[in-house]
Structure formats: C-alpha cells, structure tokens
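Next come the chains, spelled out residue by residue.
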Amino acid sequence: MSKPLDNLGKIRKSLNRRNRSEQLFRWYGRIAIMIGLAAVLVLFTDIVSKGNGAFRITYLQLEVNYDQELIGVDNLADPRQLAQGDWQVILKQALRNQFPDVSGRGDKRRLNALVSNGAGFDLKDRLVANPLLLGETETVWVLADDDIDTYYKSWLDGEPYAARLTDKQVEWITQLHDQGKIRLQFNSNLFTRGDSREPEQAGIRGAVMGSLLTLILTLILSFPIGVAAAIYLEEFAPKNGWTDFIEVNINNLAAVPSIIFGLLGLAIFINFFHVPRSVPIVGGLVLTLMTLPTIIITSRAAIKSVPPSIREAALGMGASKYQMVLHHVLPLALPGMLTGAIIGMAQALGESAPLLMIGMVAFIVDIPGGFSDPATVLPVQIFLWADSPERAFIEKTSAAIMVLLSFLIVMNTTAVWLRKRLERRW
Amino acid sequence: MNEANLATPAAAANAEKVEAKIEVKLDAKQNLEVADDQVTVGQCFTDAPKMTMRNVNVFYDDKQAIHNVSIDIAQNEVIAMIGPSGCGKSTFLRSLNRMNDTVESCRVEGEICMDGEDLYAPKLDVVELRARVGMVFQKPNPFPKSIYDNVAYGPKIHGLADTRVDLDEIVENSLRRASLWDEVKERLHQSGTGLSGGQQQRLCIARAIAVSPEVILMDEPCSALDPIATAKIEELIEELSENFTIAIVTHSMQQAARVSHRTAYFHLGRLIEVNPTEQVFTMPEHELTEAYITGRFG
C-alpha cells in the first residue's frame, strides 16, 4: 500500500500525460474538420469559377428590318404563317448590312454563324408582341452563337480561345466590339428555357420543373407511407422474429445501389403496369422506393427518442394507444421525421442513376407542365450537358451544378431550421 | 450454487426466534431470503375493500417478480408499500391499473378486482380502467404542452366536459385540489415543463384527479423532489385521501409513516406484512419488517 502523498505524485505525473493526449485528440478533430472544409472549398471554388460565366451571355446589336417579303408573313394572327416564316433571314440581311464588304458563299455562311440560329424565333416573339413593327427597322440585341460567346468571354478574360472560329470571324467580332455592338448580358435563357442542342439557348427550367414535379410526388408518397410504417413498427408491432426480419430488410434496402431501384421501376412500373416512360410519375415512384428506407429509419429513430415517461403519462391518463401516438408521440417525433424526410428528399433530388433506367435521360426541350409530361431532372441534365461536346456546355454544366447545390443547401438549411424551431424540450 | 447459499437462512427462519434474528443480522448486507411458503402476517384484509388482490403472481418472462400476494385496499385509505429496492412493490402497483400491459414480457396471474369486477377480464377495456385508476409516476412527467392542456387532457379524451366553461371549471378545480392553482393561475398557457420539479409533480397529480378517478396510484412520487416540495405533496396526499383511495409506493419510511393509514412491507417479491402504519413502525410483527425499518438493510 502506498501512502497518499505518493498517490498525489503519481496522479500529477499521469495528469500531464492525459492532458497531452487530450490536446492531441483535439488537434486530430480539428485537422479532420479542416480536411473536410478544404474539400468543400475546392469543390465550390472550382464549380463557381467554371460556372459563373454561364450567368452572362453574349449579345450582338443589329439593325433588323422586319421585311414582310423576306419573312413570308403578311398576317401575324395566322399561326401557320408564323410557323412557316423564315425568321433567320432577316438576321442574315441585317448582318450583311452591318458588314457590306463580305462576299463569297463561305464567308457569308461564316458571317451568318455569328448569331444563334434560334435568334430568329426571338424576333418572331418580338414581332408578335408588337405587330406594328412589321415592315419597320429596329435596333435589337440578338443572341450570339455559342462559339462567339465562348470566344468573346475568353477574349475579355485575356485568354482568347479561337479554335472554332476563322480569322475573319475574329476580325468581325473585334469590329463589333470597337463599335460597342457586342456585349455580355444576364443570361435569362438559363432560367426560362428548356434543354437545347444549342448551348446558348439551353436552359435548366425544364430540368428544374421535372425535379420539382418528381420530388412533389416522391414526398406525397414516401412521407405518409414511411411515417406510417415507422409508427407501426415502433409502437404497435409485436417484437418478434418477423419485425426483426423486416428491420434487417429495411436497412438492406437503404444500402441497395440506386440503379437497382431504377431497374425495378423499369420492370414493374413501365413494363408491367405500363406507366409511360420519362415522366415524373414513374420517376416519383422509383424515388419513393429509394427514399422510403431512409424515411422509415429516421422516423423510427425520432419515435424512439420520445421519452417513455411521456408515453406512460398518456397511457396512465387512459389514452388509448392510438391517442398516445397521435397526441404525444407524433408531435414530439415530428421534427425528427421532417428532418429525415428532407434529407431523403435531398438524396432524391441528387439522384440520377435510377432515372437513367426509366427514360428520364431523354432529350426534352419542352418544359413539363404536369406529372405525365416527359421530363428530365437536374442531376440528369448535368449528366447530359457534361456529356455534350460543345465547349459552351462546360460552364452550363457548372451553372446547373450550382443551381442543384443551392437547392440542396436550401433544403438542408430548412431541415436544421425546422428541427430547431419545432424541437420541444421535456 | 446460489440456491444452496440461500437455503440456509430459509431454514433458519423456521427455527427459534432468537436464532432467526441472529441469522438475519448475519445476512444483513446480503439477501434475506424468505421461505416459499411465506404467509403474509398482519391485517391484509378489510371488511369493505375497494380493491381486492388474491394470489397475484407477476412474471417477467420466466422470472417471477411477485409471489402470491393477497391484499385488500379499503375505500378512502392511504396504503403505503415499502421495501428494499427490487422487492417488486412498483411492479405490483403497476399491475393494479394494468400499466404492465405495456411491458411485453410481463404476465400477471391471480385475481385483481375493483368493486368486485375482475380487472384482468378479457372484455375489460384498459382505457376505462385507467380512467378509474389514475397514476402518478416517479419522475414528474408533464406533457410538453401548456399547464391548462396538461390538466384538460384527460377530460378531453374521455369527453367529460361538454363546454369550454365546464372544462375551465374542471381545470381550475383540479389545480386547486392539487394546491397549484395560486401558483399557476396567471400562466395557465405557459408550458408545464417550465415549472419546478415539485410544481410539475403537483401538476401531474392535478392531471390525474381531473378525470375524478376512484383510486390513485403513486409510484415514489417524491423521490425526485427536494424536502420542501416533498412536504407539500405529502400534505396534498392527506387532503386527497378524503375523496380518493390512494396506494403509494415509497422509498422513504418516514413518508410512509407520515401519510399512510396502513403499510405493506414487500420483500423479494413477497408481501411480508400488512398492518396499520403506526404498528408497523412501532412494533412490527415480522422480523424482516423490523430489520428493514430499523435500517439494517435496504
């Protein structure tokens, strides 16, 4: 037996060691967090630096004459005429007026390539909105072609990329720049249009709407089903081999690769039930299957965290089990359930693999207006653009990623806010 | 091996009284085993019982927690159940309003009746039973709702109040009877969880009496409270006994002595002795009771 004095010495000696290990441990934690933050920072700076260019796009200023003869339209109220009219031709005319000394077929073609080949339809819309312009001349800013856009932006940044342009085209752009007839504008197309083969006309509106419709359906289906399953399993089901079996399977489903859910959706919903392909209905169904396990698991955890004393209090008052669940357990578990649901939704929003299997990877220009309209979703749109050869799609891809990330940030912030807001202490 | 050890004091209990007492003292820090055929001594039964329990056995899976307990609880009496930790007094109390139903492994045998009606009959609805037999728990457990809603919860789910005015009246009366009204009348719509521990427990009592139960079960209602709050609750129990039958489990012998009319001593799942409280604390009939109240174990 040692004397108390010896003990004190020993304690003091060990104290230094313990403090040292604690300091070390803290530093491990800090370093781990720094690594995580650095990764996020690199990701965000990379995406933002690549993508911020996409929010501005190049426009050219031209003197356009809305010539009835050239377009082939005399009655703006006739939709057939509008559809058959040659709208691009007045742009070609305007370009020729701008650069009168261009001659030869090749040069003329290259001159015409300065403007987007969808810019004529913008003029059509302009004319329909203001029919008095027919036959008149107007100075308008028209959308430039994506190669021009890419070159002009890179030229402004001091690293011109002219690989896809001829020397003459570069010269024309320089002239336009000197005359102040080329400029960058806010790219509203990005947010108002659907997908396009032409990068300068492509927008994410279609994908955003597709994601929204798909997610709404996923939420409507998976939240009630998941919560009901979780409540039954936690509160009503007898604890026996069957419930253990179900629990193991639910946990398994949560870890199944999402592409398998896509295959399942393809086999069951499309091949067996003949739900149409590429539509938010089938996407929502597949994503419901995928998010259900997440929602069930988080909801069960939320229900478990409700203190047993509250249940006892309710039962002791003569509440039936249903009343106990409805009046006490559910309100207390709701913040956790909502958090789980939002995390599940965020997961679903970022999911692309299962949707590839059910045809939501199709090239869709129209903006979906309902659950049965063909649609694609944001992550698939990112995949499609990343896969496209046009250089201008690089910044578009990053811009779409930024939009997706901001949706995710909003959702996850809402989850934290909801939890803080609804959390009740007992 | 355990059984061999335990057999010795069991045999000793049947031997001469002096020897038995020595045995008890020797084993004071360990298990004081009681014989399987232990019969409860004292006045277990009353002439006009509110509740009657006969040969009650409670099991958790294969483990028997309560052995052959028979006892009556009289109308408007306060009966205290005391005993060392793990003696089964809480289990027994919880079988009186079938709170043990929530424990899946728990099984109750024997007969538990209130006013002659079998509480374990298949056709009996536990919801009705728990409205008639209220319960106050060890840890104050108000709902995380307003004080008003806490008290109004029972009347609401049982449909006791027809109008808002009726409900207000029930809430006020219950809070008054729980001696809480004056402290909370200005803040009825603040959260019940914001009250102090003692106030929370009185809120739980108010909540229990709001549905006018016939019997109130209290499971160590003061064990989480300070002495002042405890004194208030004890005072309250005395007042409540005018209208209610109360069964209280307590760890504190002083509390049993202060509030109860009769005291039941439980030991290792067996009911050892039931007698008027005064007698239990002055001249206990059984040596185990004596050993416990004189503080030799427990």
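What counts as what
- Residues numbered from 1 in each chain as written.
- Chains lettered and ligands numbered in written order.
- Predicted model: local features only at pLDDT ≥ 70, side-chain atom pairs only at ≥ 80, totals over all residues.
- Heavy atoms only, no water.
- Helix = DSSP H or I, 4+ residues; strand = E, 2+ residues; numbered from the N terminus.
- Rg over C-alpha atoms; globule rule 2.2 N^0.38 Å.
- Buried < 20%, exposed > 50% of the residue type's maximum accessible area, 1.4 Å probe, protein only.
- Contact = heavy atoms within 4.5 Å.
- Areas by Shrake-Rupley, 256 points an atom, 1.4 Å probe, with all protein chains shown as cover.
- Lys, Arg positive; Asp, Glu negative; His and termini not counted.
- Charge placed at Lys NZ, Arg CZ, Asp CG, Glu CD.
- Pairing = 2+ DSSP bridges.
- Axes fitted to C-alpha atoms, helices over the stretch in contact; angles between N-to-C directions.
- Domains from an automatic or database assignment.
- Right-handed = clockwise from strand over helix to strand, strands pointing away.
- Expected span 1.5 Å × (residues − 1).
- Bend = angle between axes of the 7 residues up to and from the residue.
- Polar contact = N/O pair within 3.5 Å; in protein donor to acceptor, adjacent residues only side chain to side chain.
- Parallel < 35°, antiparallel > 145°, perpendicular 65-115°, else oblique.
- Left-handed = near helix turned anticlockwise from the far one by under 90°.
- Nonpolar A, V, L, I, M, F, W, Y, C, P; charged D, E, K, R; others polar.
- Phe/Tyr/Trp six-rings, centres within 6.5 Å; stacked < 30°, edge-to-face > 60°.
- Lys NZ or Arg CZ within 6 Å of the ring centre and 35° of its normal.

Here we come to the overall build of chain A. Regarding its fold elements, chain A presents 18 helices and three strands. Radius of gyration (C-alpha) of chain A: 31 Å, far over the 22 Å computed for a compact globule of 426 residues. Buried residues in chain A amount to 44% of all 426 residues. Residue pairs at least 24 apart in sequence account for 76% of intrachain contacts in chain A once pairs closer than 6 positions are excluded. A total of about 22600 Å² of accessible surface is found on chain A, and carbon and sulfur atoms cover 61% of it. Side-chain charges of chain A comprise 41 positive and 39 negative groups, with the mean position of each set lying 16 Å from the other.

Another aspect to go through is the sheet that holds strand β3 (residues 182-186) of chain A. Residues and elements named next belong to chain A. Pairing within the open sheet is antiparallel, and its three strands lie in the order β2-β1-β3. Every interior strand has two partners, whereas the edge strands, β2 (137-143) and β3, have only one. Along the sheet, successive strands turn relative to each other by an average axial angle of 40°, direction set aside.

Take the domain arrangement of chain A next. What the domain assignment reports for chain A is domain 1 (4-52), domain 2 (56-190) and domain 3 (205-422). Using only C-alpha atoms to locate each centre, domain 1 of chain A and domain 2 of chain A end up separated by 59 Å.

What follows is about the pairing of strand β9 (residues 245-249) of chain B. Consecutive side chains of a regular strand alternate in pointing toward one face of the sheet and then the other. All names here are of chain B. Burial of β9 is extensive: five of the five residues sit out of reach of the surface. A two-sided burial pattern is seen for β9, the buried positions comprising Thr245, Ala247 and Val249 on one face and Ile246 and Ile248 on the other. Pairing analysis gives four bridges linking strand β4 (residues 78-82) to β9, with the strands arranged parallel. Counterpart to Met81 in the pairing with β9 is Val249. Between the parallel elements strand β8 (residues 215-219) and β9, the chain passes through helix α9 (residues 227-240) in a crossover that is right-handed.

This brings us to helix α12 (residues 258-272) of chain A. Residues and elements named next belong to chain A. Counted at 1.5 Å a residue, the expected span for α12 with its 15 residues is 21 Å, and the 20 Å between its end C-alpha atoms agrees. A bend of about 30° at Gly265 is the largest found in α12. By the burial criterion, the buried members of α12 are Ser258, Phe261, Gly262, Gly265, Phe269 and Ile270. Check the buried side of α12 and you find it contacts α11 (241-255), α13 (280-304) and α16 (353-357). His274 lies just past α12 and shows a positive phi near 60°.

What follows is about the side chain of Asn187 of chain A. Residues and elements named next belong to chain A. Within the secondary structure, Asn187 is located in the loop between β3 and α9 (189-192). Among the polar contacts made by the side chain of Asn187, one reaches the main-chain carbonyl oxygen of Ala54 at a distance of 2.9 Å. Ignoring sequence-local partners within four residues, the contact set of Asn187 consists of Ala54, Phe55, Arg56, Ile57 and Lys396.

Residue and element names in this part refer to chain A. Across the interface, helix α4 (residues 88-98) lies against helix α5 (residues 105-112) with an axial gap of 9 Å and an inter-helix angle of 110°. By the angle between their axes, α4 is roughly perpendicular relative to α5. The handedness of the crossing between α4 and α5 is right-handed. Counted together, Lys92, Leu95 and Arg96 of α4 and Lys108, Leu111 and Asn112 of α5 form the full contact between these two elements. Within the contact of α4 with α5, the residues separate by chemical class into two nonpolar, one polar and three charged.

Residue and element names in this part refer to chain A. The full count for this structure, using the stated rule, is 11 aromatic pairs over all chains. Centroid distance Phe186 to Phe191: 6.0 Å. Interplanar angle 10°. Geometry classified as stacked. Measuring from centroid to centroid gives 5.0 Å for Phe272 and Phe273, while their planes differ by 85°, and the two rings are edge-to-face. Relative accessible area serves as the criterion here: at 59%, Phe272 is assigned to the exposed category. By relative accessible area, which is 52% here, Phe273 ends up exposed. Members of the aromatic cluster, connected to one another through ring pairs, are Phe55, Phe186 and Phe191. Above the plane of the ring of Trp141 lies Arg183, whose end atom (NZ or CZ) is 4.0 Å from the centre. When the ring centre of Tyr161 is taken as origin, the NZ or CZ atom of Arg391, which lies over that ring, is 3.8 Å away.

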